[in-house]
Amino acid sequence: MRSLLFVPGDSVRKLEKALASQADALLIDLEDSVSLGAKDEARAITAAFLQEHVTSHGRPRLFVRVNGLQTGLIDADLDRIMPAVPDGVVLPKAVGGTDVAQLAARLSMREEGAGLAGTRILAIATENAAGVFALGTFAGCSDRLVGLAWGGEDLSADIGAASNRTDSGAYADPYLLARTLTLLGAASAGVAAIDAVYTNFRDMQGLDAECREARRDGFVGKMAIHPAQVPIINAAFAPTPEEIARARAVVAAFADNPGAGVVGVDGEMLDRPHLLRAERLLARAGEGN
Ligand code: COA
Ligand code: MG
């Protein structure tokens, strides 16, 4: 999943717009973008939307961001949406693998009742300081877990910061730490690392630059808050034809030299990590093994 577009779950209009956005996944929100008084209505709208589109062909994956485990709202969220069969659930304010395991247990209960299986989990894992300290605990927590996302907005509120950016616009240190630990936590758990939203939704250049840095560092996708961000994210995270050609050449060089630990391609030494990287890139481009 390259682009994951947030859509407030109480807005029929935005849900329809989001469906046409080319996003790889929609993150239909029942949490922060829906006021307390509108939660019930949002649950109903979201469930109806899921039901309507569950069998649609070529649609984005449909994830629902429920309210956090500590809110007292999550069970009502799950009761309402699980019968409508979302592809996955987004867990906000996740604190480590134990929180994911807790959500997984709640999903299992509801799946058993409805004859379902395999609802995925995407955890937003850096929304408070405790979450940042728990980033190394996701390995093995649940085979439902497909990704870890980080975010700098709720974290700055938890810390009590005036801003999460420096005067030059770059993320300040605590958020860079959270970002880096998310990458490492996701890699150690064997799941996708997803970059934070870019909140300035009119600044396409800034978004593009942030996407490219994220991709360089190993993130495979980025969350969006506005449909206009989706094509930029999709383009930035899609492997280029040159990258695909290069990866094919690396894989072919190893295939031509069975048993070789190291080969030379275009004057460059390549060993096992290069092969793994090439195979991953091809898998993302849809031609992996
Ligand atoms: N999904 C689907 N459609 C969206 C959208 C989204 N995330 N954001 C904007 N749109 C639609 C608008 O409804 C509008 O359509 P319309 O003119 O037919 O009504 C169109 O895209 C252009 O929107 P624009 O005027 O540029 O922005 P806005 O002021 O209407 O909305 C936000 C700005 C931030 C309120 C809106 O982008 C949004 O709701 N984002 C998601 C917020 C969210 O889910 N946050 C939680 C995670 S951090
Ligand atoms: Mg939030």
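Residues numbered from 1 in each chain as written. Chains lettered and ligands numbered in written order. Predicted model: local features only at pLDDT ≥ 70, side-chain atom pairs only at ≥ 80, totals over all residues. Heavy atoms only, no water.

1. Regarding helix α3 (residues 74-81)
Step number 1: Inspection of α3 places Ile74, Asp77, Leu78 and Ile81 among the buried residues, and these make up the whole buried set. Down the axis of α3, the sector holding all buried residues measures 90 degrees, keeping them to one side.
Step number 2: Here the buried face of α3 lies against α2 (39-53), β3 (61-65), β4 (88-91) and α4 (96-114). (Buried < 20%, exposed > 50% of the residue type's maximum accessible area, 1.4 Å probe, protein only. Helix = DSSP H or I, 4+ residues; strand = E, 2+ residues; numbered from the N terminus. Arc of directions from axis to C-beta. Contact = heavy atoms within 4.5 Å.)

2. Re the site of ligand 1
Step number 1: Around ligand 1 there are 16 residues in total, and Phe6, Arg13, Lys14, Ile225 and His226 lie nearest to it.
Step number 2: Between ligand 1 and the protein, one listed contact pairs a nitrogen atom with a backbone N or O atom of Ile225 at 2.8 Å.
Step number 3: One nitrogen or oxygen atom from the side chain of His226 is found 2.7 Å from an oxygen atom belonging to ligand 1.
Step number 4: In isolation ligand 1 exposes 880 Å². Once the protein is present, 66% of that is buried.
Step number 5: Those elements giving two or more residues to the shell around ligand 1 turn out to be β1 (3-8) and α1 (12-19).
Step number 6: Residues of the shell around ligand 1, tallied by class, amount to eight nonpolar, two polar and six charged. (Near = heavy atom within 4 Å. Polar contact = N/O pair within 3.5 Å; in protein donor to acceptor, adjacent residues only side chain to side chain. Areas by Shrake-Rupley, 256 points an atom, 1.4 Å probe, with all protein chains shown as cover. Nonpolar A, V, L, I, M, F, W, Y, C, P; charged D, E, K, R; others polar.)

3. Brief notes about the pattern of salt bridges
Step number 1: Applying the stated rule across the entire model yields 23 salt bridges.
Step number 2: With a closest N to O distance of 3.0 Å, Asp75 and Arg110 form a salt bridge. Here Asp75 is found in helix α3, whereas its partner Arg110 is found in helix α4, with 35 residues between them in sequence.
Step number 3: For Asp75, a relative accessible area of 32% corresponds to the partly exposed category.
Step number 4: A salt bridge links Glu268 to Arg246, with the shortest nitrogen-to-oxygen separation between them at 2.9 Å. Of this pair, Glu268 sits in strand β10 (residues 268-270) while Arg246 sits in helix α10 (residues 241-256), and the two are 22 residues apart along the sequence.
Step number 5: Several salt bridges converge on common partners, so that one network encompasses Asp29, Glu31, Asp32, Arg65, Lys93, Glu127 and Asp154. (Salt bridge = Lys/Arg side-chain N within 4 Å of Asp/Glu carboxyl O.)

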